[in-house]
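# Structural overview for review
Here are the chains, one letter per residue:
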There are 2 protein chains.
Amino acid sequence: MSKSLTLTPVETVACCSPLVSAPLAEETAERIAPLLKAIADPVRLRLLSLVAAHADGEACVCDLNGAFDLSQPTISHHLKVLHEVGLLERSKRGVWVYYRARREALADLGSLIGGGL
Amino acid sequence: MSKSLTLTPVETVACCSPLVSAPLAEETAERIAPLLKAIADPVRLRLLSLVAAHADGEACVCDLNGAFDLSQPTISHHLKVLHEVGLLERSKRGVWVYYRARREALADLGSLIGGGL
DNA sequence: GATAGATATCGATGAATGTCGATGTCTACG
DNA sequence: CGTAGACATCGACATTCATCGATATCTATC
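From a predicted model like this one, the values you see are computed outputs, not experimental measurements.

## As for the interface of chain B and chain A
Taken together, the contacts link 34 residues of chain B with 34 residues of chain A. Here B:Arg46 makes a salt bridge to A:Glu26, at a shortest N to O gap of 3.9 Å. Taken together, the connections running from chain B to chain A amount to eight residue pairs in polar contact (both at pLDDT 80 or more). By residue number, the principal contributor to the side of chain B that touches chain A is helix α2 (residues 26-39) of chain B, which donates eight residues. Within the side of chain B that touches chain A, the residues separate by chemical class into 23 nonpolar, five polar and six charged.

## With respect to the protein's contact with DNA strand D
Around DNA strand D, the structure places 23 residues, and the nearest of them are A:Ser76, A:Arg90, B:Arg44, B:Thr74 and B:His78. Taking A:Cys62, its main chain carries an N or O atom lying 3.1 Å from a phosphate oxygen of DNA strand D. Between B:His78 and DNA strand D, the recorded distance is 2.3 Å, taken from a side-chain N or O atom to a phosphate oxygen. Going through the elements one at a time, α4 (61-65), α5 (72-84) and β3 (96-101) of chain A together with α5 (72-84) of chain B are the ones with two or more residues in the surface near DNA strand D. Tallied by class, residues from the surface near DNA strand D come to 10 nonpolar, seven polar and six charged.

## Some points on the confidence of the model for chain A
For chain A, per-residue confidence averages 90 on the pLDDT scale, and residues scoring 70 or more make up 89% of the total. In this model, residues 1-5 of chain A is a region of pLDDT below 50 whose contacts with residues beyond four sequence positions or in other chains number two contacts.

## Focus: α2(B)
The periodicity of an α-helix, 3.6 residues per turn, causes residues three or four positions apart to be oriented the same way. For α2(B), which comprises 14 residues, the first-to-last C-alpha distance of 21 Å matches the rise-based estimate of 20 Å (1.5 Å per residue) to within 8%. Buried within α2(B) are the following residues: B:Thr28, B:Ala29, B:Ile32, B:Ala33, B:Leu35, B:Leu36, B:Ala38 and B:Ile39.

## Considering helix α3 (residues 42-52) of chain B
Residue and element names in this part refer to chain B. Within α3, 10 of the 11 residues are buried, leaving the element largely enclosed by the surrounding structure. Here α3 has its buried residues at Pro42, Val43, Arg44, Leu45, Arg46, Leu47, Leu48, Ser49, Val51 and Ala52. Put simply, Asp41 is the residue that caps the front of α3, since its side-chain oxygen is 2.9 Å from the backbone nitrogen of Val43.

## Some thoughts on the protein's contact with DNA strand C
In the vicinity of DNA strand C lie 23 residues, with A:Arg44, A:Thr74, A:His78, B:Gln72 and B:Arg90 positioned nearest. For DNA strand C, the fraction of atoms within 4 Å of the protein that belong to sugar or phosphate moieties is 73%. The contact in question runs from a phosphate oxygen of DNA strand C to an N or O atom on the backbone of A:Ser71, over 2.9 Å. At 3.2 Å, a backbone N or O of B:Cys62 approaches a phosphate oxygen of DNA strand C. Elements supplying a minimum of two residues to the surface near DNA strand C: α5 of chain A together with α4 (61-65), α5 and β3 (96-101) of chain B. Among the residues forming the surface near DNA strand C, the class breakdown is 10 nonpolar, seven polar and six charged.

## Digging into the pattern of salt bridges
Residue and element names in this part refer to chain A. This model, assessed by the stated rule, comprises 12 salt bridges over all chains. With a closest N to O distance of 3.4 Å, Glu89 and Arg102 form a salt bridge. One end of the pair, Glu89, is in strand β2 (residues 88-93); the other, Arg102, is in the loop between β3 and α6 (103-114), with 13 residues separating them in the sequence. Exposure remark for Arg102: the relative accessible area of 26% places this residue in the partly exposed category. Connected through salt bridges with shared partners, the residues Glu58, Arg93 and Arg100 form a single ionic network.

## Section: the side chain of B:Arg44
Residues and elements named next belong to chain B. Mapped onto the fold, Arg44 is located in helix α3. Of the side chains with opposite charge, Asp41 lies nearest to the buried Arg44, which makes no salt bridge, at 4.6 Å. One polar contact links Arg44 to His78, side chain to side chain, over a distance of 3.0 Å. The contact partners of Arg44, leaving out residues within four places of it in the chain, are Lys37, Ala38, His78, Val81 and Leu82.

## Some details on the packing of aromatic side chains
Within the structure shown, the criterion is met by zero aromatic pairs over all chains. The ring of A:Tyr98 has A:Arg93 sitting right over it, with the charged end atom 4.1 Å from the ring centre.

Conventions adopted
All residue numbers refer to position in the chain's written sequence, counted from 1. The naming scheme follows written order: chains are lettered A onward, ligands numbered 1 onward. Whole-chain, interface and lining totals are the exception, using all residues; otherwise, since this is a predicted model, local features are given only for residues with pLDDT of at least 70 and side-chain atom pairs are given and counted only at 80 or more. To get the side-chain values, all heavy atoms of the structure are used, and hydrogens and water are removed first. By the convention used here, residues are in contact when the closest approach between their heavy atoms is within 4.5 Å. Whenever a carboxyl oxygen of Asp or Glu lies within 4 Å of a side-chain nitrogen of Lys or Arg, that contact is scored as a salt bridge. As used in this structure description, the phrase polar contact means that two N or O atoms lie within 3.5 Å; if the pair is within protein, one of them must be able to donate a hydrogen and the other to accept it, and residues adjacent in sequence are counted only when both atoms belong to side chains. Per the convention used, a helix needs a DSSP run of H or I reaching at least four residues, while a strand needs a run of E reaching at least two, with both numbered from the N terminus. Residues are grouped as follows: Ala, Val, Leu, Ile, Met, Phe, Trp, Tyr, Cys and Pro are nonpolar; Asp, Glu, Lys and Arg are charged; every other residue, Gly included, is polar. One heavy atom suffices: a residue is near a molecule or strand as soon as one of its heavy atoms comes within 4 Å of it. Per residue, pLDDT captures the predictor's confidence, and it can take any value from 0 to 100. Take the number of residues in a helix, subtract one, and multiply by 1.5 Å to get its expected span. For the exposure calls, accessible area comes from a 1.4 Å probe over protein chains only, and a residue counts as buried if that area is under 20% of its type's maximum, exposed if over 50%, partly exposed in between. Under the counting rule used here, the positive set is Lys and Arg, the negative set is Asp and Glu, and His together with the chain ends is not counted. Working definition: a ring pair exists when centres of Phe, Tyr or Trp rings (six-membered ring for Trp) sit within 6.5 Å. Plane angles under 30 degrees give stacked, over 60 give edge-to-face, the rest tilted. Lysine NZ or arginine CZ positioned within 6 Å of the ring centre and within 35 degrees of the ring normal marks a charge as sitting over the ring.

Below, the structure written as structure tokens:
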């Protein structure tokens, strides 16, 4: 399978000019919307921010769970959503799982929305 | 009522540091998420881009309707969502309604996501 | 003021989503 | 190996959401 057929949302976002520069193609919009959906939730937005702003650039799930008034499966679910679209990287070390934010993906997404101004 | 109690989502987004700089407060995340939800839909993303990239910075609903394979009420609904969060401004001239993108809101949102890198 | 056209609102419906408790999997350590 | 702890998956439930057809509102024109 060619790589272009398996582009993750974060790979897609790097290739488009800003919203205000040219009308977004239908196909492009449909690939980018899932990325925005992923961060369009208060819990996931905070999760992403917590991980991205964390000291070493990564955070352990064990730390994240305590930051919310939500069950452990719910946090796990939200992390999975962020991971699936490619905004978070996962690495398991021993019993613990660490997530790391993909900063260049965030930068690309940011300039897609706010760029060209 | 004081103005701070009626902050629209776009007014909120201007006041926060980027995601990666510091963990987003719960309250802040809950005010910004609706903004992201508004653009986290392929149709609305294209609508916003169509309006923002349009020649005079504004677009007539009559032009937008034809760009989608959707019913007129559906387009009207999506425009309303974008308008309610403050990403689109509405102005009626005669029988026609024109929408204009709030560029500074888009810029603020973009730097919230991609800034600080 | 009756008519036509542009846009918004309403009510209904099927699909997607956030949350939970229960359970499964995997790792380390007695 | 059996137990404990960290995290993921599963199945269920309530809520939200995108869409539509029907209808209302508003404006210009005849």
